[in-house]
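Close look at the chain arrangement
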Amino acid sequence: MADIKREIERKYEAPDADGDGGGLPDLTGVAGVATVADRGVAHLDATYYDTADERLAAHGITLRRRTGGSDAGWHLKLPVAPGEREEIHAPLSDTLPDELAGLVRSRVRAAELLPVVRLRSDRAVRDLLDARGRLLAEVGLDSVHAERLSGGVGDVHWTEIEVELADGGDPAFLDKVDKRLRKAGVRPSAAASKLARALAETAPERTRGPAPAGRNDRKPVSAGDHVLAYARRQRDAIVDLDPAVRRDAADSVHSMRVATRRLRSTLKSFGAVLDRSVTDPIGDELKWLAGVLGEDRDREVLAARLTAALDEVGETDPDLVHGPVAERFGSWSGAGHSGARGRILGVLDSRRYLTLLDTLDALLTDPPLRKAAGKQPHKVLAKAVRKDFRKVSALVAQALQTDPGTDRDVALHEARKKTKRTRYAAEAAAASLGKPAKSMVKSMKSLQTLLGEHQDAVMARVALRELSAVAHAAGEDTFTHGLLHEREQRRAADVEAALPAAWDGVKDAATGL
């Protein structure tokens, strides 16, 4: 089982030294430091792995097998912010652990992982301790020898200082160390990591590493530029979130699902920019992925809603809670999570999902642009957003004219889906259209929230009827299930009553587009 920690560190250039700590400035003057403890010299030997075209390095990811020191084993480092990475550590073994292989699969896909660089370092370690002997940071003076193993030429040597914050430490402490080092004439390293420096200094002259697939950093000008920039952000979010979803990190599944929906909506909304005969099949695959990701999320949201409603009833009048309702809700939620998680992990390792990622890269590298893509964005993007809004308007009008019941519930659910699509289209257009598009995003988000509350109430009633049937079959009292069902029915009715006034406000906000 892999261990996970947040690594916060800074790297500095240092004069060549013999590895005994002689090149490290005196740090006893750093505010808060009472003692600088000598931990001796560690001899580290690490082999870094990547694809032949260095896909991991292109995204700031490092994967290595290291011996020596106190944390020998496999290390995967995923960037979080400048100077901050999430480090996942697995025990030392001859082959890459399956768990770490899965965490880089969205980047590697069908390519082979190869040893690309070997780094041998003599690290003189100093611990910075406070007055109570607690570790504030570890400082290492590293004498590094880098050897290119594939795809490059030559060996390089350098010396650097690495300052790593203690677990749970205050990042502001690194500013104090930085101030002392700079005063001593030490300057930050130009390279983000040892691997990045080794790859850059041993690479053939003809190449300095690939850019991520489909990447385009130039400022958007045309309508096509704006649509593709938004689509790229969603593609990047899907790939970036893949490791977090595999580790079941908080909110990761929901965030990945939203990115998938945003991208699918973009392909549908901007058919005047991107040829839908090409993008519709991709949209179908995105819909499939969003559906898999949503299985667990939908049940999780419902379980939280039902539990909160039950707690409210219990606090108001405990006598209204009959039978093991809380336990029934908990087992229902847990069973759903276990099954859905297994399906999600299976999908993330499937050929279909990895092919979808390749297809998205190909789409964004060579997009099927239509004539409108080359035009000025204002008219093209505004027209698409207005078209989506008209669909929302028609659906809301239909719902308001429909008698309360299943037909109205369905109409409001369809309006909610089109509301999200309009919101995402306005998001894609915001960089070009400015305030009117941002106003549309805000109004659509408010409407989406209102309609979402209605849909949650509808689905909660469905779940309560199912849970009540199970409880009844088990001989349990179902009074509380019925009580909660009635409350959800009132919540839906309240939304329906508030909708006309809310819709008038949305229409007013849309007039500026």
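Here is a short report on the structure shown in this document. (Residues numbered from 1 in each chain as written. Predicted model: local features only at pLDDT ≥ 70, side-chain atom pairs only at ≥ 80, totals over all residues. Heavy atoms only, no water.)

**Considering the overall build of the chain**
As a reminder, the rule being used: Each helix is a run of H or I in the DSSP string that is no shorter than four residues. Each strand is a run of E no shorter than two, and both are numbered from the N terminus. The buried label applies to any residue whose accessible area, calculated with a 1.4 Å probe on protein chains only, is under 20% of its type's maximum; exposed applies above 50%, and partly exposed to all values in between. Only heavy atoms enter the contact rule, under which two residues are in contact if any of them lie within 4.5 Å. Residue-level accessible areas treat just the shown protein chains as cover; the underlying method is Shrake-Rupley with a 1.4 Å probe. Positive charges are assigned to Lys and Arg, negative charges to Asp and Glu, while His and the chain termini are left out of the count. Where a charge lies is defined by one atom per residue type: Lys uses NZ, Arg uses CZ, Asp uses CG and Glu uses CD.
Counting its secondary structure elements, the chain contains 14 helices and 8 strands. Within the span of the chain, comprising 513 residues, buried residues form 49% of the whole. When contacts within the chain are restricted to residue pairs at least 6 apart in sequence, those whose partners lie at least 24 apart make up 72%. As displayed, the chain has an accessible area near 24400 Å², and 51% of this comes from carbon and sulfur atoms. Computed over 80 positive and 79 negative side-chain charges, the separation of the two mean positions in the chain equals 8 Å.

**Regarding the sheet that holds strand β5 (residues 84–90)**
The strands that make up a sheet pair up through hydrogen bonds in the backbone, lying either parallel or antiparallel. Cut-off, in case you're wondering: Any two strands with at least two DSSP-identified bridges between them are counted as paired. Every angle, taken between N-to-C directions, lies between 0 and 180 degrees, and every axis is a line fitted to C-alpha atoms, over only the stretch in contact when it is a helix.
Taken in spatial order, the 8 strands line up as β1-β5-β4-β3-β2-β6-β7-β8 and close into a barrel, and their pairing is antiparallel. Direction aside, neighbouring strands of the sheet carry axes that sit 35° apart on average. Bridge count for strand β7 (residues 135–148) against strand β8 (residues 155–165) is 11 bridges, and the pairing is antiparallel. Paired with glycine 140 across the strands is glutamate 162, a residue of β8. Strands β1 (3–13), β6 (114–129), β7 and β8 of the sheet are contacted by helix α4 (residues 172–183), whose axis makes an angle of about 20° with β1.

**Some points on the pattern of salt bridges**
For the record, the criterion: For this document, the term salt bridge refers to a Lys or Arg side-chain nitrogen within 4 Å of an Asp or Glu carboxyl oxygen.
Tallied over the full model, the rule gives 56 salt bridges. Among the ionic contacts, a cluster of salt bridges with common partners joins Glu7, Glu9, Lys11, Lys77, Arg85, Glu87, Arg123, Asp142, Glu160, Glu162 and Lys194.

**As for the pairing of β1**
Across 6 bridges, β1 lies against β5 in antiparallel orientation. Across the sheet, aspartate 3 pairs through a bridge with histidine 89, a residue of β5. The pairing of β1 with β8 spans 5 bridges and is antiparallel. When the sheet's bridge partners are listed, arginine 10 is paired in β8 with valine 163.

**A closer look at a positive patch on the surface**
Applied cut-off: Surface patches are drawn from residues lacking salt bridges whose relative accessible area is over 30%; two like charges belong together within 9 Å, two nonpolar side chains (Val, Leu, Ile, Met, Phe, Trp, Tyr) within 5 Å.
A cluster of basic side chains, namely Lys371, Lys375, Lys383, Arg386, Lys387, Arg390 and Lys391, defines a positive patch on the protein surface. Residue placement: lysine 371 occurs in the loop between α10 (351–365) and α11 (377–400).

**Comments concerning the environment of arginine 39**
The line we're drawing: Two N or O atoms form a polar contact when they lie within 3.5 Å of each other; inside protein one atom must be a possible hydrogen donor and the other a possible acceptor, and for residues adjacent in sequence the pair counts only when both atoms belong to side chains.
Within the secondary structure, arginine 39 is located in strand β2 (residues 35–50). A sequence separation of 442 residues divides arginine 39 from histidine 481, and the C-alpha atoms of the two residues are 63 Å apart. Residue contacts for arginine 39: discarding those within four places in its chain leaves Val125, Asp127 and Leu129. Only 2.7 Å separates the side chain of arginine 39 from the side chain of aspartate 127, close enough to count as a polar contact.

**A word on the nonpolar core**
In summary, soluble globular proteins display a tendency toward joint burial of nonpolar side chains. Rules: By convention a nonpolar core is built from buried Ala, Val, Leu, Ile, Met, Phe, Trp, Tyr and Cys residues, the set being connected through side-chain atoms within 4.5 Å.
Counting 66 residues, the largest nonpolar core has Ile238, Phe270, Val273, Leu286, Tyr353, Met440 and Leu447 as its most contacted members. With residues near it in sequence (within four places) discarded, tyrosine 353 still touches Ser106, Ile238, Asp242, Met256, Trp288, Leu289, Val347 and Leu348. Core analysis: the second largest hydrophobic core is formed by 21 residues, Leu24, Leu174, Val177 and Val186 among them.

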